[in-house]
Amino acid sequence: KAGVTQTPRYLIKTRGQQVTLSCSPISGHRSVSWYQQTPGQGLQFLFEYFSETQRNKGNFPGRFSGRQFSNSRSEMNVSTLELGDSALYLCASSRTGTTGELFFGEGSRLTVL
Amino acid sequence: EDQVTQSPEALRLQEGESSSLNCSYTVSGLRGLFWYRQDPGKGPEFLFTLYSAGEEKEKERLKATLTKKESFLHITAPKPEDSATYLCAVQAGSGYSTLTFGKGTMLLVSP
């Protein structure tokens, strides 16, 4: 059974640019959550999608957005990148999105120069 | 605001030397407490779910326990392959998959 797949694994951007990260959940999983992981703040919740609807959103600025497609694949976008956006972005999936038992991908490591 | 504090930040053990990791939490309406393991360059991997005070879960050399204010992850006779960062998280409120994570305990087990 394939796990959660995130692309790209690594990317480097400069300040002011935008970036789009992709996540393919485990087959049959309809909930996709996104987390940002930094050494200083740890893992912080960004947002959660279920059946193409955003059900919950963390305390991040509007530059961070996401969407989910009908096949449950999800993308997140960060516009007008800042140095502080450098982080590991983790996607996690679950069947219904009501459990804390999440299956994480290996993440997309974003470096902003 | 939900808060999760893990201690110690880092722990170095000799192979076979048992110890415990602590996770203290403040949350309104706890729905569940979760332990994850994260290896370098990987995403977190689910270990345990605990729902109510007094509950215990075991898996190989790991045992997780829960009280009303904290959880412990006991590691018995650890091996080098147990080296990882152990993350604690709580789920509260709406019940959706929104977890509040602690910053983790980095465990290094030396042979």
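Heads up: the structure comes first, above all this text.
Residues numbered from 1 in each chain as written. Chains lettered and ligands numbered in written order. Predicted model: local features only at pLDDT ≥ 70, side-chain atom pairs only at ≥ 80, totals over all residues. Heavy atoms only, no water.

Some words on the overall build of chain A
Here is step 1 of the chain: From N to C terminus, chain A includes 0 helices and 11 strands.
Here is step 2 of the chain: The C-alpha radius of gyration of chain A comes to 13 Å, within 12% of the 13 Å expected for a compact globule of 113 residues.
Here is step 3 of the chain: If one aligns the C-alpha atoms of chain A with their principal axes, the spans along those axes are about 40 × 25 × 25 Å.
Here is step 4 of the chain: Sorting the 113 residues of chain A into buried and exposed places 50% on the buried side. (Helix = DSSP H or I, 4+ residues; strand = E, 2+ residues; numbered from the N terminus. Rg over C-alpha atoms; globule rule 2.2 N^0.38 Å. Buried < 20%, exposed > 50% of the residue type's maximum accessible area, 1.4 Å probe, protein only.)

A look at the sheet that holds strand 7 (residues 64-68) of chain A
Residues and elements named next belong to chain A.
Here is step 1 of the chain: Across the sheet, 4 strands lie side by side as 1-3-8-7; this open sheet has antiparallel pairing. Each of the sheet's edge strands pairs with one partner strand only, and the pair in question is strand 1 (5-7) and strand 7. Here the strands of the sheet are splayed against their neighbours by 15° on average, with no regard to which way each runs. (Pairing = 2+ DSSP bridges. Axes fitted to C-alpha atoms, helices over the stretch in contact; angles between N-to-C directions.)

Overview of the state of the cysteines
Here is step 1 of the chain: The full count for this structure, using the stated rule, is 2 disulfides over all chains.
Here is step 2 of the chain: At a sulfur-sulfur separation of 1.8 Å, the disulfide partner of cysteine 23 of chain A is cysteine 91 of chain A. Sign of the S-S torsion, about -55° for the bond between cysteine 23 of chain A and cysteine 91 of chain A, identifies this disulfide as left-handed. Taken as a pair, cysteine 23 of chain A in strand 3 (residues 19-24) and cysteine 91 of chain A in strand 9 (residues 87-94) lie far apart in primary sequence, 68 residues in all. Neither residue differs from the other here; cysteine 23 of chain A and cysteine 91 of chain A are each classed as buried.
Here is step 3 of the chain: At a sulfur-sulfur separation of 1.9 Å, the disulfide partner of cysteine 23 of chain B is cysteine 88 of chain B. Disulfide cysteine 23 of chain B-cysteine 88 of chain B: torsion about the S-S bond near -60°, hence left-handed. Of this pair, cysteine 23 of chain B sits in strand 3 (residues 19-26) while cysteine 88 of chain B sits in strand 9 (residues 84-92), and the two are 65 residues apart along the sequence. No difference in accessibility class separates cysteine 23 of chain B from cysteine 88 of chain B, as the two residues are buried. (Disulfide = S-S within 2.5 Å.)

Thoughts on the interface of chain B and chain A
Here is step 1 of the chain: Counting from both sides, the interface comprises 19 residues of chain B and, opposite them, 24 residues of chain A.
Here is step 2 of the chain: Interface area, chain B with chain A, both sides summed: about 1,700 Å², of which 50% is carbon and sulfur.
Here is step 3 of the chain: Remark: the boundary between chain B and chain A carries 1 salt bridge.
Here is step 4 of the chain: Taking the shortest distance from any N to any O, the salt bridge between lysine 42 of chain B and glutamate 106 of chain A comes out at 2.9 Å.
Here is step 5 of the chain: Of all the elements in the fold, those that place two or more residues in the side of chain B that touches chain A are strand 4 (30-38), strand 9 and strand 10 (99-101) of chain B.
Here is step 6 of the chain: Tallying contributions element by element places strand 4 of chain B first for the side of chain B that touches chain A, with 4 residues.
Here is step 7 of the chain: In terms of residue class, the side of chain B that touches chain A is made up of 8 nonpolar, 8 polar and 3 charged. (Contact = heavy atoms within 4.5 Å. Buried area = accessible area lost by both parts, 1.4 Å probe. Salt bridge = Lys/Arg side-chain N within 4 Å of Asp/Glu carboxyl O. Nonpolar A, V, L, I, M, F, W, Y, C, P; charged D, E, K, R; others polar.)

Remarks on the pairing of strand 3 of chain A
Residues and elements named next belong to chain A.
Here is step 1 of the chain: Where strand 1 and strand 3 come together, 3 bridges link them in antiparallel fashion. Paired with glutamine 6 across the strands is cysteine 23, a residue of strand 3.
Here is step 2 of the chain: Inspection of the sheet shows strand 3 paired to strand 8 (residues 74-78) by 5 bridges, in the antiparallel sense. From the neighbouring strand, leucine 21 faces strand 8, where its bridge partner is methionine 76.

Some remarks on the sheet that holds strand 3 of chain B
Residue and element names in this part refer to chain B.
Here is step 1 of the chain: A sheet is described by the order of its strands in space; here 5 strands give the open sequence 1-3-8-7-6, paired in antiparallel fashion. Of all strands in the sheet, those with a lone pairing partner are strand 1 (3-7) and strand 6 (56-59), marking the two edges. When the angles between neighbouring strand axes are averaged without regard to direction, this sheet yields 15°.
Here is step 2 of the chain: When strand 3 meets strand 8 (residues 70-75), the two strands line up antiparallel, connected through 6 bridges. Bridge pairing in strand 8 links cysteine 23 to serine 71.

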